[in-house]
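# Secondary and tertiary structure notes
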Amino acid sequence: MALNRSRPPDGQTRNVSDNPETTTHNRSQLVVDGQQHDDVDAIINSVTWGYPWTLDGFIAGVGAKLDLQINRMATDLGSVSGYLLVTRRRKAYLVHHSDASAPEANHIAAHELGHLVWGDATTDGGLPLDALQSLLPSISADNLIQAAGRTCYDDPSERRAELFAYRLHAIIDHHQRQLPPPPTDTDRRLRATFSSRWS
Amino acid sequence: MTVSILGYLACVVTLVAAATRVLDRHYTHRAGRQYLTAGQVCSALAVASWTHDSRRVAIQLHWPARLPFLTGNVLAMLAGFCLVATLAYTVGRTDHAARRTAAHGAGVAACCATSTTLALTGSTITGLLAQMIPPCYVAWCYARFAAGLIARSREPGTHLIMRLSLHTTTISACTRVGWAICQGSLVVIAALHDTTITAEPKVSELVAATAVSLGAIGTTLATWTPRVLANLEKRRISRAYRGIQPLWAVLTAARPDVVLADRPDHILGQDNSSDAVLDQLYQMVIEIGDARRKLRPYIDPAVTSHFETIVTSLHLFGRSAATFIQAAELACSLARHQEGAEPLVHRLPARPSPNHTSALAQARWLARIGHHLLNSPTILALYRPVTPTRPSSSPAFGDQVAANGTEGSTYGPDESARIR
């Protein structure tokens, strides 16, 4: 099952496999900036999630859509803030630096999730897999097949993943600012009577 | 006179609350809300009618002396009916609400007619009966209203502000029940002593004014509290945004690669200016975090250990001490990075970040670090970010600390001027 994607500028539909082990990555088919916004929204809207509108809920929705078990991890990654690791056993790890605060950790995880949904992970990810395995001893190097690191934004895929993270944060923030849905009909009527703003 | 002023004040507050509800641009015509508004108007006018000055005005106008009192009683009963109707449309079964409201309407009409007729007969006994009917009916209505609200406010899932609104309204209804009991007791006492109550006691006026005011606050709490909280948050965001900007400028000047330049404005999709500032604040927090992480290998561990030992002598404790040490580390790494030094092999282990749950909280923390970084003479001895007029000399940080002596948690205008 692939996530909904908008058509690339050349008019060709990207054929992204459901299986991350066999996904092919063609960097030349990246969409241009003007279309990234729509592309990001299309991907976010295709994921099934809802109240209480948390990042973890969205990650679970992506995992269900891609048939992947997605975990979040924290470790000391040095000067790199985050990594995406994909293993042979259909597991993905969104790794963030252990010195990151909760908002930073969420942002890094969202960035790595952006790499995952676009299939940006490669066999080296900027670091040899054995080096990654030394950073994450709980994951066997034999199992690691793909990785992507969060570095600078001169790379279009990094820039797109970062835009995805900002957009996802804005959507989550927008939803969380809304009042929770009324649990009962009585609660809805109470709001309608006592508060014009929330009705 | 004071009690009358309080009564009029409660009347004005309640009328304003009712008008606010009607004039609100989000107003929608719902039966429950309309009955609530009508009940508030009746309550406000009842309280104004009961005041001593209203009676004096009626006498001066050669009206019957008991007219304001009777008018107040009728209005109080109408207010009670409106609240019971509000309850029926808000928490009761919708299909039964109209029928129940009609039945209550017949009941209140009968009560008003009986009370007024008995009051106008002139007999002492009928006059006392006429005075007993309104408090009894009002007590029944408000007790029912309070019971309905208490039951609903206990339901799980009710929002905190909504619950607060319901609790305040319930207290108002209970106060009104207290007023009714007080009134009924006065009538009984008057009957026992064979006298007639013609004037509203001051305590009763005060209780009624309090109940009406609490009702006005409680029923509008859920409307204006979110707006007040939003405005307060907007101010906090603006302050944090201003506070974080200097640190962001310094760090992104050193590490421009962390900045996501030319971000499409519509990527965040916010049309509210406050949200736009918050989104910019969030991006700055993320970029500062990235820059700090990239500069971390340049931190000399000796600087950290040195500043950890001297913060006490600088009279810095707790949050100030932590932010001061982090500012010192940052100054050290910036200085080494600026000099083109190689990253240190033995870098510091990752330091767990303070438990910031939001970007705003983290921005306030970072603003403190920026304040130390750009204002502390001790830290400026390590790294001087802006030196257009005075080239900085960078002596060994230990010597400079010794030369500066002690250091306060805030820095004087002279220090700020030196930076600029």
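### Observations concerning the overall build of chain B
For chain B, the helix and strand inventory stands at 15 helices and 0 strands. The proportion of buried residues among the 420 residues of chain B is 43%. Within chain B, counting contacts between residues at least 6 apart in sequence, those at least 24 apart form 79% of the total.

### With respect to the overall build of chain A
When helices and strands are counted, chain A shows 6 helices and 4 strands. Mapped from its N terminus to its C terminus, chain A presents α and β elements in the order α-α-β-β-β-α-α-β-α-α. Burial analysis of chain A (199 residues in total) assigns 41% to the buried set. Restricting the contact set of chain A to residue pairs at least 6 apart, pairs at least 24 apart contribute 59%.

### Brief notes about the packing of helix H2 (residues 31-50) of chain B against helix H4 (residues 67-90) of chain B
Residues and elements named next belong to chain B. Remark: H2 packs on H4, axes separated minimally by 7 Å, with the N-to-C direction vectors making an angle of 160°. One element, H2, and the other, H4, form an angle in the roughly antiparallel class. Here H2 and H4 pass one another in a crossing that is left-handed.

### Side note on the pairing of strand E2 (residues 82-87) of chain A
Residues and elements named next belong to chain A. Across the 6 residues of E2, 5 count as buried, placing the element largely inside the fold. As paired strands, E2 and strand E3 (residues 91-97) are joined by 5 bridges and run antiparallel to one another. Along E3, the bridge assignment pairs glycine 82 with histidine 96. Here E2 folds back onto E3 in antiparallel fashion, the turn holding 3 residues, of which arginine 90 has a positive phi close to 55°.

### Structural notes on the nonpolar core
The biggest cluster of nonpolar side chains holds 61 residues, and the ones touching the most others in it are Val47(B), Met77(B), Leu78(B), Tyr142(B) and Phe145(B). Those elements giving two or more residues to this core turn out to be helix H6 (185-194) of chain A together with helix H1 (2-23), H2, H4, helix H5 (94-121), helix H6 (124-153), helix H7 (160-192) and helix H8 (202-254) of chain B. If one sorts the elements of this core by residue count, H4(B) sits on top with 15 residues. For Tyr142(B), the residues in contact, after removing those within four places along its chain, are Gly80(B), Leu83(B), Ala173(B), Arg176(B), Val177(B) and Ala180(B).

### Notes on H6(A)
Along H6(A), the positions that sit buried rather than exposed are Arg189(A), Leu190(A), Arg191(A), Thr193(A) and Phe194(A). Against the buried residues of H6(A) lie H2, H4, H6, H7 and H8 of chain B.

### Topic: unusual backbone geometry
With the exception of glycine, the majority of residues adopt a negative phi angle, and the majority of peptide bonds are in the trans configuration. All names here are of chain A. In this chain, tyrosine 51 is followed by proline 52 through a cis amide linkage whose omega measures 10°. Relative to the helices and strands, proline 52 resides in the loop between helix H1 (33-46) and helix H2 (55-66). Not every positive phi belongs to a glycine, and tryptophan 53 is a case in point at roughly 55°. Residue classification places tryptophan 53 among the partly exposed residues on the basis of 17 C-beta atoms within 10 Å. Positioned with a positive phi, aspartate 67 is a non-glycine residue whose angle comes to about 55°.

### Thoughts on the environment of Asn106(A)
Residues and elements named next belong to chain A. The residue asparagine 106 is located in helix H3 (residues 102-118) in this model. Residue asparagine 106 is classed as buried on the basis of its C-beta count, with 24 C-beta atoms lying within 10 Å. Spatially, the C-alpha atom of asparagine 106 lies 8.5 Å from that of histidine 169, the residues being 63 residues apart in sequence.

### Thoughts on the packing of H2(B) against H8(B)
All names here are of chain B. Relative to each other, H2 and H8 sit at 155°, their axes nearing to 10 Å. Considered as vectors, H2 and H8 are oriented roughly antiparallel to each other. The element H2 and its partner H8 pack so that their crossing is left-handed. Contacts between H2 and H8 involve Leu36, Gln40, Ser43, Ala44, Val47 and Trp50 on the former and, on the latter, Glu205, Ala208, Ala209, Val212, Gly215, Ala216 and Thr219. Looking at the contact of H2 with H8, its residues break down into 8 nonpolar, 4 polar and 1 charged.

### Quick notes on the confidence of the model for chain A
Residues and elements named next belong to chain A. Residues of chain A with pLDDT of at least 70 account for 62%, and the chain-wide mean is 71. Averaged pLDDT values over the elements of chain A bottom out at 65 in helix H4 (residues 129-135) and peak at 92 in H2. Taken together, the stretch residues 1-34 has pLDDT below 50 and engages in 52 contacts with residues farther than four places along the chain or on a different chain.

### Some words on the confidence of the model for chain B
Close inspection of predicted coordinates is inappropriate in any region flagged by low pLDDT. Residues and elements named next belong to chain B. Averaged over chain B, the pLDDT score is 80; the fraction of residues at 70 or greater is 82%. Helix H15 (residues 413-419) is the least confidently modelled element of chain B, averaging 36 in pLDDT, while helix H12 (residues 359-375) averages 92, the highest of any element. Below pLDDT 50 for its whole length, residues 387-409 participates in 26 contacts with residues either more than four positions away or in separate chains. Reported confidence for the predicted complex is 0.76 by ipTM and 0.70 by pTM.

### Focus: the environment of Pro226(B)
Residue and element names in this part refer to chain B. If you trace the backbone, proline 226 turns up in helix H8. With 17 C-beta atoms packed within 10 Å, proline 226 lands in the partly exposed category. Expressed as a C-alpha distance, the spacing of proline 226 and isoleucine 161, which sit 65 residues apart in the sequence, is 8.2 Å.

### Comments concerning the environment of Ala249(B)
Mapped onto the elements, Ala249(B) comes out in helix H8. Sequence separation of Ala249(B) and Met284(B) is 35 residues, and the distance between their C-alpha atoms is 9.5 Å.

Here is what the cut-offs are and how they apply
Residues numbered from 1 in each chain as written. Chains lettered and ligands numbered in written order. Predicted model: local features only at pLDDT ≥ 70, side-chain atom pairs only at ≥ 80, totals over all residues. Helix = DSSP H or I, 4+ residues; strand = E, 2+ residues; numbered from the N terminus. Buried ≥ 20, exposed ≤ 12 C-beta atoms within 10 Å, placed from the backbone. Contact = placed C-beta atoms within 7 Å. Axes fitted to C-alpha atoms, helices over the stretch in contact; angles between N-to-C directions. Parallel < 35°, antiparallel > 145°, perpendicular 65-115°, else oblique. Left-handed = near helix turned anticlockwise from the far one by under 90°. Pairing = 2+ DSSP bridges. Core = buried A, V, L, I, M, F, W, Y, C linked by C-beta atoms within 7 Å. Nonpolar A, V, L, I, M, F, W, Y, C, P; charged D, E, K, R; others polar. pLDDT = per-residue confidence, 0-100.

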